[in-house]
Amino acid sequence: MSVIFGLSSCDLGEKFLKSYGVEVINLELNINGNNYLYNADNFNFEQYYNLTNYSVEYKGLESLIEAKLTMALNTYQDVIILTPSYKFCPSYKLTKSIIKKLQYTYVDQNIFVIDSGLISVGYASVLFETAVLNSTGIRCEDLVKKITKIIKSYQTLIIPNNNNFELFSNFNYAKSLGIKPIIGLSNNKLELLKTVKGKLNLANEVNNLINHMGLNVGDYPVGIMNGKSNLNDANKIINQINNSFDTKVFAGNYCPTLVNQIGDNALIISFHKRND
């Protein structure tokens, strides 16, 4: 078996992921001048959202990843680290440069970094499936090939809470009051899927998209992450999902690193999709 690493920004708790064999790298975040280790199991979201400024920066990310990989490689095992989409997190590019250095020392071991092309609970879904496959004893090189197929099988929906984010500036839609875009992210590709007006319509449209784009949705966990004060919106979508599919729903708050990119009251939904 290989050692599988993921970042805590996948938004599933460390205890859960470790129970499936995923080694979690807890991000150190600088929030308003104070340093925090981000782990969804025990991060105080209420305290965070009470701040007047949500400014978040990564701290020591490169050294943190290098230390974790080195520790695993010293046990003479192969290593695979999956990262969130490079469009939202610098970890993929940083890890590529780290691996270039480590390969000179650990010449007899495989070291792979793979960009999941997803964020939050979508990224977590890829980690989860990878860990389950890894537990079967599959060879590292064969697992890497499987991961590329897994990545193409997940869809993330992002519903930002305002229209002023640089990542979405190229999308052409009426940016009027009450209009919410539903933006798709899969394999690092962003696209505008729908625009919706009204909270009830939002839950219906999300459910319609899952039905339209999904494949065997009930056989895989569905994820939904909310922000500061939109838990009611998330619950409406969860109720729609529960009425349509007999599946487990992972729910919670998304990582503070995403606030600067999608807002503090966004929604992130992930599900298994058709591999077009």
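This section reports on the structure supplied with the text. (Residues numbered from 1 in each chain as written. Predicted model: local features only at pLDDT ≥ 70, side-chain atom pairs only at ≥ 80, totals over all residues. Heavy atoms only, no water.)

### A few points about the pattern of salt bridges
Overall, the coordinates contain five salt bridges when judged by the stated rule. The salt bridge involving Glu66 is made with Lys101; its shortest N-O contact spans 3.2 Å. One end of the pair, Glu66, is in helix H3 (residues 61-73); the other, Lys101, is in helix H4 (residues 91-102), and 35 residues separate them in sequence. By relative accessible area, Glu66 is classed as partly exposed at 24%. Here Glu141 makes a salt bridge to Arg139, at a shortest N to O gap of 3.4 Å. (Salt bridge = Lys/Arg side-chain N within 4 Å of Asp/Glu carboxyl O. Helix = DSSP H or I, 4+ residues; strand = E, 2+ residues; numbered from the N terminus. Buried < 20%, exposed > 50% of the residue type's maximum accessible area, 1.4 Å probe, protein only.)

### Some thoughts on the packing of aromatic side chains
In total, this model carries 12 aromatic pairs according to the counting rule given. Between Phe16 and Tyr20 the ring centres are 5.1 Å apart and the planes differ by 50°, which places this aromatic pair in the tilted class. (Phe/Tyr/Trp six-rings, centres within 6.5 Å; stacked < 30°, edge-to-face > 60°.)

### A short note on the sheet that holds strand S1 (residues 3-7)
With parallel pairing, four strands are arranged side by side in an open sheet as S2-S1-S6-S7. Because the sheet does not close on itself, it has two edges, and the strands there are strand S2 (22-25) and strand S7 (111-115). Neighbour-to-neighbour, the strand axes of the sheet open up by a mean angle of 25°, direction not taken into account. Where strand S6 (residues 79-83) meets S7, five bridges bridge the pair, whose relative direction is parallel. Looking across to S7, one finds that Thr83 is bridged to Asp115. Sheet strands in contact with H3 are S1, S2, S6 and S7, and its direction is about 155° off that of S6. Helix-sheet contacts for helix H5 (residues 120-134) involve S1, S2 and S6, and the interaxial angle to S1 is about 170°. (Pairing = 2+ DSSP bridges. Axes fitted to C-alpha atoms, helices over the stretch in contact; angles between N-to-C directions. Contact = heavy atoms within 4.5 Å.)

### Thoughts on the nonpolar core
Residues Leu69, Ile80, Leu82 and Ile262 are the most contacted members of the largest nonpolar core, which totals 70 residues. Setting aside its immediate chain neighbours within four residues, Ile80 contacts Ser2, Val3, Ile4, Phe5, Phe112, Ile114, Cys140, Leu143, Val144 and Ile147. With 22 residues, the next largest nonpolar core counts Ile182, Ile224, Leu267 and Ile269 among its residues. (Core = buried A, V, L, I, M, F, W, Y, C linked by side-chain atoms within 4.5 Å.)

### A word on the sheet that holds strand S3 (residues 27-31)
Across the sheet, three strands lie side by side as S4-S3-S5; this open sheet has antiparallel pairing. The outermost strands of the open sheet, each flanked by one partner alone, are strand S4 (34-38) and strand S5 (56-58). Taken over all neighbouring pairs, the strand axes of this sheet differ in orientation by 35° on average, direction set aside.

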